[in-house]
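Okay, here's what each chain looks like letter by letter:
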Amino acid sequence: MDAVRYSILGTVRVLRGETELEVGPPKRLALLSLLLLRAPGPMTLSEAVDVLWAEEPPPSAVNVVHRHIGALRRVLEPELPSRTKAKHLIRATDGYRLLVDTSTSDLLRFRGLRTQAQLALREGESQRAARLFTQALEQWRDPVVAAGTPVARHPLFTSVGHEFVATVKEAADVALTAAPDLVEEILTGLRRAVDSHPFDEALHSRIIAALAATGRQAEALRQFEAIRDVLAEELGVEPGPGLRAAQQHLLQHQVSRAPGAGPAPADRPAPGPQAGVPARPAQLPADLPVFVGRHTALDRCAELLPSEGAHRPSTVMVVCGMPGAGKTTLAVHFAHQVADRFPDGQIHLDLQGHHPVCRPLDPLQAMRDILDALGVGRRHTRTSGAALTALYRGTLAARRLLVVLDDARDSEQVRPLLPAGPDSLTLVTSRRRLEGLAVTHDARVLGLRPMTRGESLQLLDLRIGTDRTLAEPEAVRDMADRCAGLPLALTLTAARAQTNPTFSLTALAAQLHEDSDSLAPFISHDPRTDLRRSFERSYRTLSRDAAALFRLLTQHPAPDIGLAAAASLGGTDPRTVRRLLTELSDHSLLTETLPGRYVCHPLLRTYATELTDTDDTPAARAEAFTRVFEHYVHTADAAAELLAPHRDPKAATLPPPRPDVRPQLFTERTEAAAWIAAERPGLQALARTARHDPCTEPSRGRLTAALELSLHLAGR
């Protein structure tokens, strides 16, 4: 049977040989589009439902997806005896996967050619890069992805359309400087792109430059006048600096060709934008070939973007989270999605806030690096202090930039680097929450939580390979659970499976469980990917008291803890412990899930256990456990006194708590009932742990009574 080829860059088509296959009704066509968009990765069922039903999906939505999948299989493999034998559309973890590659998918072919072009450009092979960019653009029959389907306007599909715009800009820049024979062909792509993005000044600037390079100066001037009129009439704005610079270069070129000026060399093409337009850096690191999940976080980032053609003040998004949470990956992925919205370029700068070797980057040096990227001469950037800051602000003020400031140490390192001009976007990643930027610059702070179980399974499936994950699904689930949703742990685990293709996943999962009280499975010889070293770089920035509390939290048997219990655990007062818990939260070593309640990620807790075993004496650990036990027993007794006043009068009176234990007191029954309900998991965990500690025996009965009371209240 002939190979099946798929097209999504324009109208959706499926061909077997030269015969076009009839896919079916709109919902099925949309589902195929989503499968192609996600390939070679999987499409989850939940994502399919969200994309196919813009409004509230019907109860039968998942079944409808399954039926359409079955129908697509019959279209692709009409002689298929069983779905387990499928070679085109197969079952994947929590969804389905369409098996395609660069030879069968125009989208993957386009992305592969674009990546090759970018690599060639970095290696100095500009002419080869221009040819590869041109070949990439040839894959597009229409800038609208999945044109004519019900999902063509969905953000997932429009974001791919932005890739066309970004690529045609890259192609124009390199062709204008290194491949004049391709300029005419690139001009066609620019015009197609501007039809879909009529207010994109960067596209118009390149069209003007391309027209001038091919000797059509009069047409280039008409192009400028036309977009100037459109901007004035539709948006009420004047052309930006990029367009004005393109016009100025065009006028200067005309003067140089005026009578008496001498003819321009016939064999030299007109200079590209670099001759008269400010440098347009494109410094984003490479995006992952396939990005998993994080839809809510990406939506939060997208909320900061202005609508097409509109203007808004410069905005800042801080992506914060624990070490290994995937902050940089998210920021770079989103930056690639929206890069074409920022015509003056994209800047990426590693601030080295938690670098394994280098010191954090000084803000003045960071300014110099950014000014260099924007083409400001080094003689201007050798200045320092106020003069450099003034130059920096003035240079960035007139530009629409996308700036990614990666791994910030604190707000003070970031604040001087934020652009002040309109329509710029700054993405900051940091292990710190950087709430100060929310105060001074109205920054949006996005706390990046661990991945969901579904996202974790999808990541492992993608990295390890569907054939192996489908063969041992239980082992894959065990791996995901051990990694607790932390992307760095998941990718380290997947890398171990990848580099040992003959190992069974069940055996690898068993090794993870054998070392469940250690971070040994997540150690790497690369300091950037070693999980323990990554945690250590955050831990070493803590104050001494916060570090001590972080270690002692392991003596609390439940995963979350309240403010009062933490004060007793640490043997300190509530005001002090609140400050320490806030410090730990600011460094993303704890998460405040509710006001006054904090949770420690399982792998961070494992790290803290390793620390306390080496840094704290057995006596100090035992005292901390005894304090928190007394706290719960006395607080539970106070709650029971209000909620069950007729309890056994013969119950022995509790001895008074230690001076550094501060049990909670209640004045209202509702307050006591709320505490009992909130603390039941902690009471259960404490009761299990206390069974093995003889020091807790005299008070163990009171704890058991509090548990019985909580179960009674829950049954009401």
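Because the structure is a prediction, the values reported are computed rather than measured.

A.B. asks: Would you explain the overall build of the protein chain in this entry?
C.D. replies: The helix and strand tally for the protein chain stands at 30 helices and 14 strands. In the protein chain, buried positions account for 52% of the 716 residues. Summarising the internal contacts of the protein chain: among those between residues at least 6 apart in sequence, 69% fall at separations of at least 24.

A.B. asks: How should the sheet that holds strand 9 (residues 402-408) be read in this particular structure?
C.D. replies: Pairing between the strands of a sheet is mediated by backbone hydrogen bonds and can be parallel or antiparallel. Pairing in this open sheet of five strands is parallel, and the strands run 8-9-10-7-11 from one edge to the other. Each of the sheet's edge strands pairs with one partner strand only, and the pair in question is strand 8 (346-350) and strand 11 (444-447). Within the sheet, the average angular offset between the axes of one strand and its neighbour, ignoring direction, is 15 degrees. The pairing of strand 7 (residues 315-320) with strand 11 spans four bridges and is classified as parallel. The partner of Val319 across the bridge, within strand 11, is Leu446. Set on the sheet, helix 12 (residues 327-338) makes contact with strand 7, strand 9, strand 10 (425-430) and strand 11; between it and strand 10 the angle comes to about 165 degrees.

A.B. asks: So what exactly am I meant to see when it comes to a negative patch on the surface here?
C.D. replies: On the surface, Glu225, Asp229, Glu233 and Glu234 cluster together into a patch of negative charge. Judged by its relative accessible area of 35%, Glu225 falls in the partly exposed class.

A.B. asks: Can you walk me through the environment of Thr612 in this structure?
C.D. replies: Looking at the element boundaries, Thr612 is found in helix 27 (residues 602-615). A relative accessible area of 1% means that Thr612 is categorised as buried. For Thr612 and Phe550, which are 62 residues apart along the polypeptide, the C-alpha to C-alpha distance reads 8.9 Å. Discounting chain neighbours no more than four positions away, the residues touching Thr612 are Arg551, Thr554, Gln555 and Arg621. Within polar-contact distance, the side chain of Thr612 engages the side chain of Asp616 at 2.7 Å.

A.B. asks: For this particular structure, what's the right way to read the pattern of salt bridges?
C.D. replies: Pairing is possible between side chains of opposite charge, provided their charged atoms come close. If you walk through the whole model with that rule in mind, you get 25 salt bridges. One salt bridge connects Glu536 with Arg540, and the closest N-O pair in it is separated by 3.4 Å. Residue Glu536 is classed as partly exposed on the basis of its relative accessible area, which comes to 31%. Between Arg597 and Asp560 there is a salt bridge, with the nearest N and O atoms lying 3.2 Å from each other. Of the two residues, Arg597 is situated in strand 14 (residues 597-599) and Asp560 in strand 12 (residues 560-562); the sequence distance between them amounts to 37 residues. Judged by its relative accessible area of 13%, Arg597 falls in the buried class. Salt bridges sharing common partners tie together Asp560, Arg597 and Glu679.

A.B. asks: Looking at this structure, I do not really get the environment of Arg579. What am I missing?
C.D. replies: Along the chain, Arg579 falls in helix 26 (residues 574-586). With 33 residues separating them along the chain, Arg579 and Ala546 place their C-alpha atoms 8.6 Å apart.

A.B. asks: Looking at this structure, how should I read the sheet that holds strand 2 (residues 13-16)?
C.D. replies: Across the sheet, three strands lie side by side as 1-2-3; this open sheet has antiparallel pairing. Lying at the two open borders of the sheet, with one neighbouring strand each, are strand 1 (4-7) and strand 3 (19-20).

A.B. asks: Please explain unusual backbone geometry as it appears in this structure.
C.D. replies: Most peptide bonds take the trans configuration, and most residues that are not glycine carry a negative phi. Of note, the amide linkage connecting Ala39 to Pro40 takes the cis form, showing an omega dihedral of 10 degrees. If you trace the backbone, Pro40 turns up in the loop between helix 1 (26-38) and strand 4 (43-44). Of note in the backbone geometry, Ala146 takes a positive phi value of approximately 55 degrees without being a glycine. Tracing the backbone through its elements, the reader meets Ala146 in the loop between helix 5 (126-137) and helix 6 (155-178). Even without being a glycine, Arg294 presents a positive backbone phi close to 65 degrees. Tracing the chain through its elements places Arg294 in the loop between helix 10 (241-256) and helix 11 (295-302).

A.B. asks: Looking at this structure, I do not really get the packing of helix 18 (residues 453-464) against helix 20 (residues 473-483). What am I missing?
C.D. replies: Helix packing geometry: the angle between the two helix axes and the distance between the axes. The N-to-C vectors of helix 18 and helix 20 enclose an angle of 120 degrees; their axes lie 9 Å apart at closest approach. Viewed along their axes, helix 18 and helix 20 adopt a mutual orientation that is oblique. With respect to the hand of their crossing, helix 18 and helix 20 are arranged in right-handed fashion. Listed contacts from helix 20 to Arg453, Ser456, Leu457, Leu460 and Ile464 of helix 18 are Val476, Arg477, Met479, Ala480 and Asp481. Here the contact of helix 18 with helix 20 is composed, by residue class, of six nonpolar, one polar and three charged.

A.B. asks: It is not clear to me how the packing of helix 11 against helix 12 should be interpreted in this structure. Could you clarify?
C.D. replies: In the contact formed by helix 11 and helix 12, the axes pass within 11 Å of each other and the chain directions differ by 55 degrees. As the angle between them shows, helix 11 and helix 12 are arranged oblique. Like other packed secondary-structure pairs, helix 11 and helix 12 cross with a definite hand, here right-handed. Where helix 11 abuts helix 12, its residues Ala297, Leu298, Cys301 and Ala302 lie against Leu330, His333, Phe334 and Gln337. Looking at the contact of helix 11 with helix 12, its residues break down into six nonpolar, two polar and no charged.

A.B. asks: When you look at the nonpolar core in this model, what are you seeing that I'm missing?
C.D. replies: Generally speaking, nonpolar side chains in soluble globular proteins are found buried as a group. Counting 81 residues, the largest nonpolar core has Tyr6, Ile8, Leu32, Val65, Leu98, Phe157 and Leu190 as the members making the most contacts within it. At twelve residues, the largest contribution of residues to this core is made by helix 6. Excluding its chain neighbours within four sequence positions, the residues that come into contact with Leu190 are Val168, Ala172, Leu203, Arg206, Ile207 and Ala210. Among the nonpolar cores identified, the runner-up in size contains 72 residues, and Leu459, Met479, Phe522 and Phe666 belong to it.

A.B. asks: I'm lost on the environment of Ile676 in this one. Help?
C.D. replies: Topologically, Ile676 is positioned in helix 29 (residues 669-690). By relative accessible area, Ile676 is classed as buried at 1%. Note: C-alpha distance between Ile676 and Thr635 (41 residues apart in sequence) is 9.3 Å.

A.B. asks: What should I look at first to understand helix 25 (residues 563-570) in this one?
C.D. replies: Each α-helix turn comprises 3.6 residues. Residues three or four places apart therefore point the same way. Counting buried residues in helix 25 gives six out of eight residues, a clear majority hidden from the surface. All of the buried residues in helix 25 are Leu563, Ala565, Ala566, Ala567, Ser568 and Leu569. If you follow the buried residues of helix 25, they end up packed against helix 24 (544-552), strand 12, helix 26 and helix 28 (618-643). Gly571, located one to two residues past helix 25, shows a positive phi value of around 65 degrees.

A.B. asks: What am I meant to see in the packing of aromatic side chains here?
C.D. replies: Between two aromatic rings, the relevant description is the distance of the centres plus the angle of the planes. What the rule picks out here adds up to nine aromatic pairs. Seen in terms of ring centroids, Tyr632 and Trp675 are 6.1 Å apart; in terms of plane orientation they differ by 40 degrees. Their pairing is tilted. In this pair, Tyr632 is assigned in helix 28 and Trp675 in helix 29, connecting sequence segments 43 residues apart. You can call Tyr632 buried: its relative accessible area is 1%.

A.B. asks: Looking at this structure, how should I read the side chain of Gln346?
C.D. replies: Mapped onto the secondary structure, Gln346 falls in strand 8. Those residues within four positions of Gln346 in sequence are excluded, and the remaining contacts are Arg280, Pro281, Ala282, Gln283, Leu284, Ala339 and Leu402.

A.B. asks: Mind showing me how you'd approach the side chain of Thr104 here?
C.D. replies: Considering the arrangement of structural elements, one finds Thr104 in the loop between strand 6 (95-98) and helix 4 (106-122). Looking at Thr104, the relative accessible area reads 14%, which means it is buried. At a separation of 3.0 Å, a polar atom in the side chain of Thr104 contacts the main-chain amide nitrogen of Asp101. In contact with Thr104, not counting residues within four places along its chain, are Val4, Arg5, Tyr6 and Arg109.

About the thresholds
Residues numbered from 1 in each chain as written. Predicted model: local features only at pLDDT ≥ 70, side-chain atom pairs only at ≥ 80, totals over all residues. Heavy atoms only, no water. Helix = DSSP H or I, 4+ residues; strand = E, 2+ residues; numbered from the N terminus. Buried < 20%, exposed > 50% of the residue type's maximum accessible area, 1.4 Å probe, protein only. Contact = heavy atoms within 4.5 Å. Pairing = 2+ DSSP bridges. Axes fitted to C-alpha atoms, helices over the stretch in contact; angles between N-to-C directions. Patch = residues over 30% accessible without salt bridge, like charges linked within 9 Å, V, L, I, M, F, W, Y side chains within 5 Å. Areas by Shrake-Rupley, 256 points an atom, 1.4 Å probe, with all protein chains shown as cover. Salt bridge = Lys/Arg side-chain N within 4 Å of Asp/Glu carboxyl O. Lys, Arg positive; Asp, Glu negative; His and termini not counted. Charge placed at Lys NZ, Arg CZ, Asp CG, Glu CD. Polar contact = N/O pair within 3.5 Å; in protein donor to acceptor, adjacent residues only side chain to side chain. Parallel < 35°, antiparallel > 145°, perpendicular 65-115°, else oblique. Left-handed = near helix turned anticlockwise from the far one by under 90°. Nonpolar A, V, L, I, M, F, W, Y, C, P; charged D, E, K, R; others polar. Core = buried A, V, L, I, M, F, W, Y, C linked by side-chain atoms within 4.5 Å. Phe/Tyr/Trp six-rings, centres within 6.5 Å; stacked < 30°, edge-to-face > 60°.

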